[in-house]
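# Summary of the model geometry
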Amino acid sequence: MVVLDQEQDREPSKSAKKRAAKEIEELAKQLAEISDAAFARLPVSSELKEEVRLARSTKAHGARKRQIQHLAAVLRKQEDEAEALRAHLDSLNQVHYQDQKQFHVLEELRDRLCAPDSCSEALEEVRRTLPAADAGALGRLAKAVHLSSDKKAAREIFRLLRTAQETLVP
């Protein structure tokens, strides 16, 4: 029992402390590089928001590095806000990942519509999965791509698919 009590009283190892410091510094870097829209929606106090704004506005390499380290030090002192920020950034990354995934699905569907051998199956899939899409217009545009490799028509196919997909997602 004495051994268990001693283990509980121990501080984290030096390596664990370094990993934690590196994670906080990485969080500070992410905060310094987020978009203006994401910065405006950060769930933080005004003091921390000002520190993030300073890190974002500092452009010189050495000064920026020091400012990010300073922001990391402030984050270490405010653990609750650091956790909230980490969760917020994780959710933003998840949304970005889902958007990218949808984009790639639409690209693949467009490519199948533009290929003469897979066009009819792709049109059926569009009718099934994207009822708001104008299948007639997509068919005409796909035929233009088949006949003359019309890049403008291929871009228009993608626009129509994206518009139809956006009407599906609330």
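Here the residue numbering is sequential within each chain, running from 1 through the sequence in written order. With the structure being a predicted model, the display of local features is reserved for residues of pLDDT at least 70 and the display and counting of side-chain atom pairs for 80 or more, all residues being used for whole-chain, interface and lining totals. Here the side-chain values reflect all heavy atoms present in the structure, with hydrogen atoms and water set aside.

### Section: the nonpolar core
Among the nonpolar cores identified, the biggest contains 21 residues, and Leu-27, Leu-31, Leu-42, Leu-48, Leu-71, Leu-75 and Leu-85 are the most heavily contacted of them. For the purposes of this entry, the term helix denotes a DSSP run of H or I that reaches at least four residues, the term strand denotes a run of E that reaches at least two, and both are numbered from the N terminus. Taken together, the elements giving at least two residues each to this core come down to helix H2 (14–33), helix H3 (36–40), helix H4 (46–57), helix H5 (61–77) and helix H6 (79–114). Any two residues whose heavy atoms approach within 4.5 Å at even a single point are treated as in contact. Aside from chain neighbours lying at most four places away, what touches Leu-85 is Leu-27, Leu-31, Leu-42, Pro-43, Val-44, Leu-48 and Leu-75. Counting residues in hydrophobic clusters, the runner-up holds 20 residues, among them Ala-142, Val-145, Ile-157 and Phe-158. We call a set of buried residues a nonpolar core when its members are Ala, Val, Leu, Ile, Met, Phe, Trp, Tyr or Cys and they connect through side-chain atoms within 4.5 Å of each other. When accessible area is computed with a 1.4 Å probe and restricted to protein chains, residues below 20% of their type maximum are described as buried, those above 50% as exposed, and intermediate ones as partly exposed.

### A few points about the side chain of Arg-56
Within the secondary structure layout, Arg-56 lies in helix H4. Classification of Arg-56 by relative accessible area gives buried; the value is 14%.

### Regarding the packing of helix H7 (residues 119–129) against helix H8 (residues 135–148)
To get an axis, a line is fitted to the C-alpha atoms, and for a helix only the part in contact is used. The angle between two axes follows their N-to-C directions and goes from 0 to 180 degrees. At a closest axis distance of 11 Å, the pairing of H7 and H8 adopts a crossing angle of 155 degrees. Here H7 lies roughly antiparallel to H8, going by the angle between them. Handedness of the crossing formed by H7 with H8: right-handed. Of the residues in H8, those touching H7 at Cys-119, Leu-123, Val-126 and Arg-127 are Ala-135, Leu-138, Gly-139, Ala-142 and His-146. Only Asp, Glu, Lys and Arg are considered charged in this grouping, and only Ala, Val, Leu, Ile, Met, Phe, Trp, Tyr, Cys and Pro are considered nonpolar; every other residue, Gly among them, is considered polar. Each residue belonging to the contact of H7 with H8 can be placed in one class, and the counts come to 6 nonpolar, 2 polar and 1 charged. Note on terminology: angles under 35 degrees are roughly parallel, angles over 145 are roughly antiparallel, angles of 65 to 115 are roughly perpendicular, and the others are oblique. Left-handed is the label given to a crossing in which the near helix is rotated counterclockwise from the far helix by less than a right angle, and right-handed is the label when the rotation is clockwise.

### Here we look at the confidence of the model for the protein chain
Each residue carries a pLDDT score, the predictor's confidence in it, ranging from 0 to 100. When the pLDDT values of the protein chain are averaged, the result is 87; 94% of them are 70 or greater. Within the protein chain, the lowest mean pLDDT, 55, falls on helix H1 (residues 2–9), and the highest, 92, falls on H5.

### Concerning unusual backbone geometry
Positioned with a positive phi, Ser-149 is a non-glycine residue whose angle comes to about 50 degrees. Relative to the helices and strands, Ser-149 is located in the loop between H8 and helix H9 (151–168). Overall, Ser-149 belongs to the exposed group, its relative accessible area being 58%.

### Considerations on H8
Since one α-helical turn is 3.6 residues long, residues separated by three or four positions face the same way. For H8, built from 14 residues, the straight-helix expectation of 20 Å at 1.5 Å per residue is met to within 8% by its first-to-last C-alpha distance of 20 Å. The complete set of buried residues in H8 reads Ala-135, Ala-137, Leu-138, Gly-139, Leu-141, Ala-142 and Val-145. Structurally, H8 contributes buried residues whose contacts are with H6, H7 and H9. Downstream of H8 by one or two residues, Ser-149 has phi in the positive range, about 50 degrees. What a helix should span is 1.5 Å times the count of its residues minus one.

### What to know about the state of the cysteines
We call a pair of cysteine sulfur atoms a disulfide when they lie within 2.5 Å. Within this structure, the stated rule accounts for 0 disulfides. With no disulfide partner, Cys-114 has as its closest neighbouring cysteine sulfur the one in Cys-119, 8.1 Å distant. Assessed through its relative accessible area of 17%, Cys-114 is described here as buried. Judged by relative accessible area, which is 8%, Cys-119 ranks as buried.

### Quick look at the packing of H8 against H9
Closest axis-to-axis distance for the H8/H9 pair is 9 Å, and the angle between their directions is 155 degrees. Here H8 is positioned roughly antiparallel relative to H9, judged by the angle of their axes. Crossing angle aside, the handedness with which H8 passes H9 is left-handed. Contacts between H8 and H9 involve Ala-137, Leu-138, Leu-141, Ala-142, Ala-144 and Val-145 on the former and, on the latter, Ala-153, Ala-154, Glu-156, Ile-157, Leu-160 and Leu-161. Among the residues making up the contact of H8 with H9, the classes are represented as 11 nonpolar, no polar and 1 charged.

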